[in-house]
Amino acid sequence: QRHLVESGGGLVQAGGSLRLSCTASGSILRINAMNWYRQAPGKQRELVATISRGGTVNYGDSVKGRFTISRDNAKNTWYLQMNNLQPEDTAVYYCNAYLLVLGSGSYRGTDCWGQGTHVTVSS
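No experiment lies behind these values; they were computed from the predicted model shown. (Residues numbered from 1 in each chain as written. Predicted model: local features only at pLDDT ≥ 70, side-chain atom pairs only at ≥ 80, totals over all residues. Heavy atoms only, no water.)

**Q** Please give an account of the overall build of the chain that cites residues and values.
**A** Helices and strands together make up the secondary structure of the chain, namely 0 helices and 11 strands. Going from the N terminus to the C terminus, the chain shows its helices and strands as β-β-β-β-β-β-β-β-β-β-β. Oriented by its inertia axes, the alpha-carbon framework of the chain measures out at about 50 × 25 × 25 Å. A burial count over the chain gives 41% of its 123 residues as buried. Counting only contacts in the chain whose residues sit at least 6 apart along the sequence, the fraction spanning at least 24 positions is 55%. (Helix = DSSP H or I, 4+ residues; strand = E, 2+ residues; numbered from the N terminus. Buried < 20%, exposed > 50% of the residue type's maximum accessible area, 1.4 Å probe, protein only. Contact = heavy atoms within 4.5 Å.)

See below:
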């Protein structure tokens, strides 16, 4: 079962903006952290941004000052606002979270990933 569904990718020119969304569904007791990763062709998957349960945010060095992670806990949704996009930001973006969800009659932890959304930045 896929607990995370993301959207918002697309094609944008350099300097443009996109906003990605990720929503967790199911019987969720707790989300320990909300994260965004990306993977460009031929490259390792990298952590782009993360927000902890306590609200602490961290960003990868390459996106600091340009990207902002935020969340709406009531909706089990988190976002990645991407501004001043550059061609090197082109990648498949994945949301990720470690969830405590109901399964087999009890809550258990599971590391969940979105399906990926493509972001292409042209120059």
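Here the narrative resumes, following the displayed structure.
**Q** Quick rundown of the state of the cysteines? Include the residues and the values.
**A** Working definition of a disulfide: a covalent bond connecting the sulfur atoms of two cysteines. The final tally for this structure, using the stated rule, is 1 disulfide. The residue that forms a disulfide with Cys22 is Cys95, at a sulfur-sulfur distance of 2.1 Å. The chirality of the disulfide connecting Cys22 with Cys95 is right-handed, given an S-S dihedral of about 60 degrees. Within this pair, whereas Cys22 is found in strand β3 (residues 18–24), its partner Cys95 is found in strand β9 (residues 91–103), the two being separated by 73 residues in sequence. (Disulfide = S-S within 2.5 Å.)

**Q** Go over unusual backbone geometry with me, naming the residues and quoting the values.
**A** The backbone of Asn76 shows a phi angle near 50 degrees, a positive value even though the residue is not glycine. Note that Asn76 resides in the loop between β7 (67–72) and β8 (77–82). Although it is not a glycine, Asn84 adopts a positive phi angle of roughly 50 degrees. Mapping Asn84 onto the fold places it in the loop between β8 and β9. Asn84 sits in the partly exposed class, given a relative accessible area of 38%.

**Q** Explain the nonpolar core to me, using residue names and the numbers behind them.
**A** Nonpolar side chains in soluble globular proteins tend to be buried together. Counting 30 residues, the largest nonpolar core has Leu4, Trp36, Trp78, Leu80, Met82, Tyr93 and Leu99 as its most contacted members. Broken down by secondary-structure element, the contributors of at least two residues to this core are β3, β4 (28–39), β5 (46–52), β7, β8, β9 and β11 (117–122). When residues of this core are assigned to their parent elements, the largest contribution, 6 residues, is made by β9. (Core = buried A, V, L, I, M, F, W, Y, C linked by side-chain atoms within 4.5 Å.)

**Q** Hey, could you go over the sheet that holds β8 for me, with residue numbers and the actual values?
**A** Reading across from one edge, β1-β3-β8-β7 is the order of the 4 strands in this open sheet, with antiparallel pairing throughout. One side of each edge strand has no neighbouring strand; the edge strands of this open sheet are β1 (4–7) and β7. Between one strand and the next, the sheet's axes are offset by a mean angle of 15 degrees, whatever the strand orientation. Two strands pair when backbone bridges link them, and β3 and β8 are joined in this way by 6 bridges, in the antiparallel orientation. Pairing of Arg19 across the sheet is with Gln81, part of β8. (Pairing = 2+ DSSP bridges. Axes fitted to C-alpha atoms, helices over the stretch in contact; angles between N-to-C directions.)

All we've got here are geometric facts, nothing functional implied.
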